[in-house]
Structure formats: structure tokens, C-alpha cells
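Descriptive structure summary
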Amino acid sequence: QVQLVESGGGLVQAGGSLRLSCTASGTIFGLMGWYRQAPGKQRELVATISSVGTTNYADSVKGRFTISRDTENTVFLQMNSLKPEDTAVYYCLAVRALPPNSYWGQGTQVTISS
């Protein structure tokens with residue numbers, strides 16, 4: 001049984017910063033990351049980080065967001081220079097290769113005011 005617990009969401013003003021955290025139980029995961037879903041839109045990739053530190057970012061957040069990972073199945077998303085269009089529910093993702101499986105957190109609301 002794998003559980004992902006997210007924290008750090010909230011309401012901030014445009015231009016501000018927010019830091020999201022996600023801790024996954026169980027084994028070490030080969031890939032962890034963040035997706036987001038805004039009202040009326042499909043879920044989209046924000047950023048991922050592999051077990052060897054390789055990162056991938058959506059074009060819309062490059063230069064503003066930073067993903068990092070510690071050694072205990074915890075992933076962080078530092079969000080700077082936030083914009084109203086960043087408003088969404090942010091979901092944590094954990095992927096393991098053996099056996100192959102993907103796990104999702106329940107999501108945390110991020111709201112950016114104009």
C-alpha cells in the first residue's frame with residue numbers, strides 16, 4: 001500500500017512564492033513529480049525528477065519553479081514569481097519501475113490572486 005501526502009498549498013498574491021511538499025510511503029521511486037489541473041482543463045505536467053536527479057519542466061514554469069528530492073521519498077516544488085494562471089490543484093506523482101506502477105496524491109489547492 002502506497003500513500004502520497006501533499007502539503008504547502010494555499011492562497012498567495014501574484015509575484016509571491018510557495019513551496020509544495022510530497023512524501024510517499026513504501027519503496028524508493030524512480031520518478032517523482034508534480035502535475036496540475038485547472039478548472040475546465042486536463043491535468044498537465046509541471047515538473048519531474050528522477051532517482052538520479054534528472055529534471056524536466058513544462059515550458060510555462062521554466063525559470064520560475066524548481067523541483068528537488070531528498071533521500072526519503074520526499075519531493076518539493078519551489079514556486080516563485082507566481083502568476084494567476086498558475087492557479088490549479090497540484091498533484092504529486094510517484095512512479096516505480098519494478099513492479100511498474102504509478103501513484104497519485106489527493107492534490108493540494110494553489111490559488112494566485114491578481
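Throughout what follows, the structure given in this document is the object of discussion. No experiment lies behind these values; they were computed from the predicted model shown.

For V95, the position within the fold is in strand β9 (residues 88-96). Note on V95: relative accessible area 22%, which makes it partly exposed. For the pair formed by V95 and M32, sequence separation is 63 residues and the distance between their alpha carbons is 6.2 Å. Ignoring anything within four residues of it in the chain, the contact list for V95 reads F29, G30, L31, N101 and S102.

Below, the discussion takes up the state of the cysteines. Taken as a whole, this structure holds one disulfide when the rule is applied. Linked covalently through their sulfurs, C22 and C92 form a disulfide whose S-S length is 2.1 Å. Note on the C22 and C92 pair: the S-S dihedral is about -90 degrees, so by sign convention the disulfide is left-handed. Remark: C92 occurs in strand β9 and C22 occurs in strand β3 (residues 18-24); sequence separation between them is 70 residues. A residue is classified by how much of its surface remains accessible, and C92, at 0% relative accessible area, is buried.

The next subject is the pattern of salt bridges. Counted according to the given criterion, the structure contains four salt bridges. A salt bridge links D86 to R36; the shortest N-O distance between them is 3.0 Å. You can see D86 sitting in the loop between β8 (74-79) and β9 and its partner R36 sitting in strand β4 (residues 31-37), a full 50 residues away along the chain. Overall, the relative accessible area of 1% leaves D86 in the buried class. Across the salt bridge formed by R64 and D86, the nearest N and O atoms sit 2.8 Å from each other. Within this pair, whereas R64 is found in the loop between β6 (55-57) and β7 (65-69), its partner D86 is found in the loop between β8 and β9, the two being separated by 22 residues in sequence. A relative accessible area of 11% places R64 in the buried class. Overlapping salt bridges bring together R36, E44, R64 and D86 as one network.

So, how was this worked out
Residues numbered from 1 in each chain as written. Predicted model: local features only at pLDDT ≥ 70, side-chain atom pairs only at ≥ 80, totals over all residues. Heavy atoms only, no water. Helix = DSSP H or I, 4+ residues; strand = E, 2+ residues; numbered from the N terminus. Buried < 20%, exposed > 50% of the residue type's maximum accessible area, 1.4 Å probe, protein only. Contact = heavy atoms within 4.5 Å. Disulfide = S-S within 2.5 Å. Salt bridge = Lys/Arg side-chain N within 4 Å of Asp/Glu carboxyl O.

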